[in-house]
Amino acid sequence: MQLSFGTRLRKILAHPDIALDLGTANTRLYAHGCGLLADEPSVVQVRRETGSVEAVDFTATHMPLLERGARLLSPLRAGVVADVDAATALLKPLLKRARRFGLFRPRVLACAPTDACEAERNALTEAARRAGAAAVVLVPEPLAAAIGIGMDVSSEHAQMLVDIGDGVTDIAVIRAGELVATAAARTACSDLIQVVAKLIAEQEGVNIYSREAQRLIKQIGTGRQALPATPFVIAGADCDSRLLRRVYVQGESVAAAMQPVLAVIVNAVTQSLRDLPDELACEVIESGIHLTGGGAHLTGLAELLAAETSLEVRPARNPMHAVINGARQMLAVGVQTNIWSMN
């Protein structure tokens, strides 16, 4: 294909085009021709004195230290941008990492949940533009995830993918390169962390750290398997003194606290299957369910979904990077076809 003079000039002078997975828990950024440039927590810091919002430098050799009195803030809620200013502060230094001697700003291919409303999609687009993007095109997260795990999305046979991230459970049926059915629940892994943290705060008077909650959830899983009789040790800050405390919790109580959240996720999947037209449902029954996102790592979840749906459930090999890997491949095609000119 003969490239126009303008296209060739842009290729020489522009910043690399970017694929972006801006998630509730982590942000991943890939630059065309440069590789994965960022895979970091989706947080910014807010200065106590001025209230200004600034990025946290996770590229530092040592764990980044917050400014004195600063607090962490997540720009996203339930998988979508809730604070455009904070999201801009998060993205601006990340986009700069792709800078070379280019004169033109980068174009961005960003992923969004299928249930994102127009205002939420506009917020993502606005944040990327303020951060330095020349143009932004949005693609559905489940479609990117499907491509990222190697699904043949061009198949005429319908296939279902369930992407359980930190803030949203996104469900899609894909046929012939299109999303022919979608559903989503704004309940996912972060809700599991919240219910576990609430349980321990109420029972033990300790505010546990997020990483401790994640570690505990990973050890317990969905609770379908036999849990050890010995209690789990977990650390946090005493609710009154704020001093470090270690407490002992029983696995059964934690597993019980997680059941309502797991029920919402499972119900979203089973209801989406019930809502499918007969033809699509029959094809999905044959092909089963592909599982991506952080939820795919939760011990027992694939088995729980399989038991509730009577379908084969296949967790992806690299579920956490399914979306960015797919977005990377979509970006390569988009650069050739200039998808930004179509929006």
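Described in the following lines is the structure provided in the data block. (Residues numbered from 1 in each chain as written. Predicted model: local features only at pLDDT ≥ 70, side-chain atom pairs only at ≥ 80, totals over all residues. Heavy atoms only, no water.)

Ordered by their spatial adjacency, three strands build an open sheet running 5-4-6, and the pairing between neighbours is antiparallel. Each having just a single partner strand, strand 5 (53-55) and strand 6 (71-73) make up the two edges of the open sheet. Here the average twist between neighbouring strands, direction ignored, is 40 degrees. Against the sheet, helix 2 (residues 84-96) makes contact with strand 4 (44-46), strand 5 and strand 6, and its axis sits at roughly 25 degrees relative to strand 5, the strand it touches most. (Pairing = 2+ DSSP bridges. Helix = DSSP H or I, 4+ residues; strand = E, 2+ residues; numbered from the N terminus. Axes fitted to C-alpha atoms, helices over the stretch in contact; angles between N-to-C directions. Contact = heavy atoms within 4.5 Å.)

Before going further, it helps to spend a moment on the packing of helix 5 (residues 189-204) against helix 7 (residues 251-274). Axis separation between helix 5 and helix 7 bottoms out at 9 Å; the angle between their running directions is 140 degrees. Between helix 5 and helix 7, the angle is such that the two are oblique. In this structure, helix 5 meets helix 7 at a crossing whose hand is right-handed. In this structure, helix 5 contributes Asp191, Leu192, Val195, Val196, Leu199 and Gln203 to the contact, and helix 7 contributes Ser253, Val254, Ala257, Met258, Val261 and Leu262. Its residues assigned to classes, the contact of helix 5 with helix 7 comprises nine nonpolar, two polar and one charged. (Parallel < 35°, antiparallel > 145°, perpendicular 65-115°, else oblique. Left-handed = near helix turned anticlockwise from the far one by under 90°. Nonpolar A, V, L, I, M, F, W, Y, C, P; charged D, E, K, R; others polar.)

Let us now look at the packing of aromatic side chains. Scanning the model with the defined rule gives zero aromatic pairs in all. The ring of Tyr30 has Arg328 lying over it, and the distance from NZ or CZ to the ring centre is 5.9 Å. (Phe/Tyr/Trp six-rings, centres within 6.5 Å; stacked < 30°, edge-to-face > 60°. Lys NZ or Arg CZ within 6 Å of the ring centre and 35° of its normal.)

With respect to the secondary-structure elements, Ser190 resides in helix 5. Overall, the relative accessible area of 15% leaves Ser190 in the buried class. Once residues lying within four places of it in the same chain are set aside, the contact partners of Ser190 are Asp166 and Gly167. (Buried < 20%, exposed > 50% of the residue type's maximum accessible area, 1.4 Å probe, protein only.)

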